[in-house]
Amino acid sequence: MNFQIGWRNIWRNPKRTLVILSAVIIGVWSMIFLSAFMRGITDQMVRNGISTLTGHVQVHHKGYRDDPGIENSMTEPGVLETVFNNTLPPDTLWTSRVRVSAVASNARHSSGVTLLGADPAKEGKISFIGGAVTLGRFLKPDDPHGIVVGQALVEKFETKLGRKLVLMSQDTGREIASRAFRIVGIFRAEMEATEKQFVFVSLPAAQEMLKLKKGISEVSMILNSHQEANEVAAVLRDALPANDYEVQTWQEAMPMVTAILKMYDGFVFLWFFVVFIAMGFGIVNTTLMAVYERIREFGLLKALGMKPWWIVRQVLTESFYLLVLGMIIGTGLGALSVLALSGTGIDLSSVAAGAEFAGMSRMIYPVVESKDVVTANLVVFILGIIVSLYPAIKAARFTPIEAMAHN
Amino acid sequence: MDIVECTDIKKTYHQGKVEIQALRGVNLSIARGGFMAIAGPSGSGKTTILNIIGGLDSMDAGHVVVDGNTLDEMNQSQLAQMRLNKIGFVFQAYNLIPVLSALENVEYIMLLQGVPTAQRRDLARSILNDVGLEGTYDRRPAELSGGQQQRVAVARAIVSNPSIVLADEPTANLDSKTGKGLLEMMKEMNEKKNVTFIFSTHDQMVMDYARRLVRLRDGLVVDDKVKEAQ
Ligand SMILES: Nc1ncnc2c1ncn2[C@@H]1O[C@H](COP(=O)(O)OP(=O)(O)OP(=O)(O)O)[C@@H](O)[C@H]1O
Ligand SMILES: [Mg+2]
């Protein structure tokens, strides 16, 4: 019967009820949507970062991180392969690379790039390059002079497929090594910077050019999920001689992305706080109004012998209904709007110039996580009940005589 | 023993710097099963004495014993419990919860007392029949006439067999015909169920119906008449 009364009471003033309901709905909806949006951005950022030649876990020669030069190469890939076969989860993908700074030049232009000597078959499965070649072809396993470059670089160099490009870098003997390549493929990437930075040649071609023999700069691997990285890295750190190798997870390899992830968490938190305040005040005010309108009634109930606690409970029951109703609708709307946009994505190209700097892509696909939905609802619910306590206690404190004298 | 015993009750209200002596030493004993009216000019203290007997207001001096409970020694929560179980109230107006039907208004008091649902419903129906409201169970207060609303209030006041029913000017908002009907009904309930009724009133008809008439003036009892059986 108490619940029936509560339900009827909230519809005594439908307009006011709708105001509170809207506040709750907007609160829940915006919290769900914003966290899904932020998660979409960060997920995409992490995925971009990982597929842009980072991988989930990387192995380098000790010291490569501080000085990624040719002298910090790993000269015995056979050792690594044995360790990997023994320790990595079965469906891990991994590939070896040569990765050094180089200067690319043609007759008219020259520019600093990152030279990547790649194992074409494996690389294609691990990094973005697998699906990125839009013109020409990707490398063949022993391609001696083939090179794949980004669209932006092609434009900058005013060159095209089939033309020559010379790469220069320092070899293991600290001499200048240079080698002429022919553009066999052109790739596109999410970000223009990527297209300008990376040039791909075959692993043997790079090793020969730099007099590396079998040496490689890094191993990059892709695991089943982002979350496994720490675990796998720990296993590898145990298995590899610590004096010769260093192992990094994607979080460590991309400190910028990791920092931005934290910052976005901060944004979401801030928004939760804003909703908190706005909704809190809204609920307190409207509930107080509702309570004052019913002072006579509460006075009557108290005169009849109702304990103050019952009155608190009565007011809270009414808030409870409003909150639950608003939460259901808000969550539904949140789910619907995220669902609608997760197919098409949100186009950020108008602000992409700024976004690209932060490693964001042009299209954002919001991602709902049950954790965020639960948090949003919990925050609204707990807040709603807490702020209703004040009017409820107020209602319970009128003495019957005061209340009944009130008009 | 009498069901209500008031000994030398004093009550002063403070309104800013002005002191208003509402009761200046009221002594009053009321026998069980009485049907009594308290009359007197406006401001003479009728509502104040009823509120004190009902445990709604505190007194400055004196003692009140209601059905064995010494009110001046009880705390708020004990007073609430006593009101719930021993006292029925009928106010001049706004007696009912607007979102509840007539039946639910009567039931609600029993809900607070913890009476089981089925029993609650039966009792509420039969008491509404007793006060002449069969067929209006499901109407909200706004859909009832003033007289019908007061009948629901009386039904609610007597449904759980209280020791006393306190009615502060119950007929003040009713025309005389409706008021008479209500009084007849209350008299019947008084006789049938032996519930003690105490009214405050300006209404000559109420005074005529009462078997005992107490007059107050300036916070003192100035007249107390028990009528011969009619
Ligand atoms: N809450 C209060 N604050 C201040 N003075 C009060 C209060 N309640 C009553 N009084 C005063 O106490 C005196 C007695 O009031 P009471 O309400 O008991 O009179 P009454 O006999 O019921 O009058 P009426 O016939 O008008 O209802 C009056 O002078 C009144 O103004
Ligand atoms: Mg009065």
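Since the model is a prediction, treat every value here as computed from it, not as a measurement. Residue positions are given per chain, counted from 1 along the sequence in the order it is written. A letter from A marks each chain and a number from 1 marks each ligand, given out in the order of writing. Thresholds applied to this predicted model are a pLDDT of at least 70 for local features of residues and 80 or more for the giving and counting of side-chain atom pairs; totals over whole chains, interfaces and linings are not thresholded and use all residues. Based on all heavy atoms of the structure, the side-chain values leave hydrogens and waters out of the count.

Draft legend 1. The overall build of chain B, seen in detail. For chain B, the count of helices and strands is seven helices and ten strands. If you line up chain B on its principal axes, its C-alpha atoms span 50 × 40 × 40 Å. With a 1.4 Å probe rolled over the protein chains alone, any residue whose accessible area is under 20% of its type maximum counts as buried; one over 50% counts as exposed, and the rest are partly exposed. Relative to its 230 residues, chain B shows a buried fraction of 54%. Contacts spanning at least 24 positions in sequence make up 68% of the contacts within chain B whose residues lie at least 6 apart. Computed with a 1.4 Å probe, the accessible areas rest on the Shrake-Rupley method; for each residue, only the protein chains presented here act as cover. By element, 45% of the accessible surface of chain B is carried by carbon and sulfur atoms, the whole surface being about 10100 Å². Charge convention: Lys and Arg are scored as positive, Asp and Glu as negative, and His as well as the terminal groups of each chain are ignored. Where a charge lies is defined by one atom per residue type, namely NZ (Lys), CZ (Arg), CG (Asp) and CD (Glu). On chain B, the mean spot of the 26 positive side-chain charges and the mean spot of the 28 negative ones are 2 Å from each other. Numbering of helices and strands runs from the N terminus, with a helix taken as a DSSP run of H or I at least four residues long and a strand as a DSSP run of E at least two residues long. What makes two residues a contact is simply this: any of their non-hydrogen atoms within 4.5 Å.

Draft legend 2. Seen up close, the interface of chain B and chain A. Listed by partner, the interface residues are 27 residues for chain B and 22 residues for chain A. Counting each side, the surface lost to burial between chain B and chain A is near 2200 Å², with a carbon and sulfur contribution of 69%. Basic side-chain nitrogens of Lys or Arg form a salt bridge, by our definition, when they fall within 4 Å of a carboxyl oxygen of Asp or Glu. The tally of links between chain B and chain A comes to one salt bridge. For the salt bridge of R8(A) with E104(B), the shortest nitrogen-to-oxygen distance reads 2.6 Å. Elements supplying a minimum of two residues to the side of chain B that touches chain A: α2 (76–86) and α3 (102–113) of chain B. Residue contributions to the side of chain B that touches chain A peak at six residues, all from α3(B). Of the residues assigned to the side of chain B that touches chain A, the class counts are 15 nonpolar, five polar and seven charged. By buried area we mean how much accessible surface two parts lose on assembly, using a 1.4 Å probe and totalling the loss over both. Three categories are distinguished: nonpolar for Ala, Val, Leu, Ile, Met, Phe, Trp, Tyr, Cys and Pro, charged for Asp, Glu, Lys and Arg, and polar for the others, with Gly belonging to the last.

Draft legend 3. Region of the structure containing the environment of G63(A). All names here are of chain A. By secondary structure assignment, the location of G63 is in the loop between β1 (57–61) and α3 (77–87). Expressed as a C-alpha distance, the spacing of G63 and L336, which sit 273 residues apart in the sequence, is 50 Å. Leaving out residues up to four positions away in the same chain, G63 has contacts with N72 and E246.

Draft legend 4. Structural view of the site of ligand 1. Residue and element names in this part refer to chain B. The criterion for a residue being near a molecule or strand is simple. One of its heavy atoms has to lie within 4 Å of it. Around ligand 1 sit 14 residues, and of these S42, K46, T47, T48 and H202 come closest. A distance of 2.7 Å separates an oxygen atom of ligand 1 from a polar side-chain atom of T47. One nitrogen or oxygen atom from the side chain of H202 is found 2.8 Å from an oxygen atom belonging to ligand 1. Considered on its own, ligand 1 offers 630 Å² of accessible surface; in the complex 68% of this is hidden by protein. Sorting the residues of the shell around ligand 1 by element identifies β1 (4–15), β2 (18–30) and α1 (46–53) as the ones contributing at least two each. With three residues, α1 is the largest single contributor of residues to the shell around ligand 1. For the shell around ligand 1, a count of residues per class yields four nonpolar, eight polar and two charged. Within 3.5 Å is the distance limit for a polar contact, defined as a pair of N or O atoms, with the added protein rule that one can donate a hydrogen and the other accept it, and that residues adjacent in sequence qualify only through two side-chain atoms.

Draft legend 5. Representation of a nonpolar patch on the surface within the structure. All names here are of chain A. On the surface, a nonpolar cluster with roughly 470 Å² of combined accessible area is contributed by W29, I328, I329, L333 and L336. In terms of residues, the nonpolar patch owes the most to one element, helix α12 (residues 308–344), which gives four residues. Among the residues examined, W29 registers a relative accessible area of 31% and is labelled partly exposed. Patches here are clusters of residues that have more than 30% relative accessible area and form no salt bridge, with a 9 Å joining cutoff for like charges and a 5 Å cutoff for nonpolar side chains (Val, Leu, Ile, Met, Phe, Trp, Tyr).

Draft legend 6. Structural view of the sheet that holds strand β3 (residues 35–39) of chain B. All names here are of chain B. A pair of strands is considered paired only if DSSP assigns at least 2 bridges between the two. With mixed pairing, the six strands of this open sheet are ordered in space as β6-β7-β8-β3-β9-β10. One side of each edge strand has no neighbouring strand; the edge strands of this open sheet are β6 (87–90) and β10 (220–226). Each strand of the sheet is rotated relative to its neighbour by a mean of 15°, with strand direction disregarded. Inspection of the sheet shows strand β9 (residues 212–217) paired to β10 by six bridges, in the antiparallel sense. Counterpart to L216 in the pairing with β10 is V221. Its contacts with the sheet place α2 against β6 and β7 (164–168), and it is angled at close to 80° to β6. Geometry is summarised by axes, namely lines fitted to C-alpha atoms with helices restricted to the contacting stretch, and by angles between N-to-C directions that run from 0 to 180 degrees. Strand contacts of helix α6 (residues 176–193): β3 and β8 (196–201), with the helix running at about 150° to β8, the strand carrying the most contacts.

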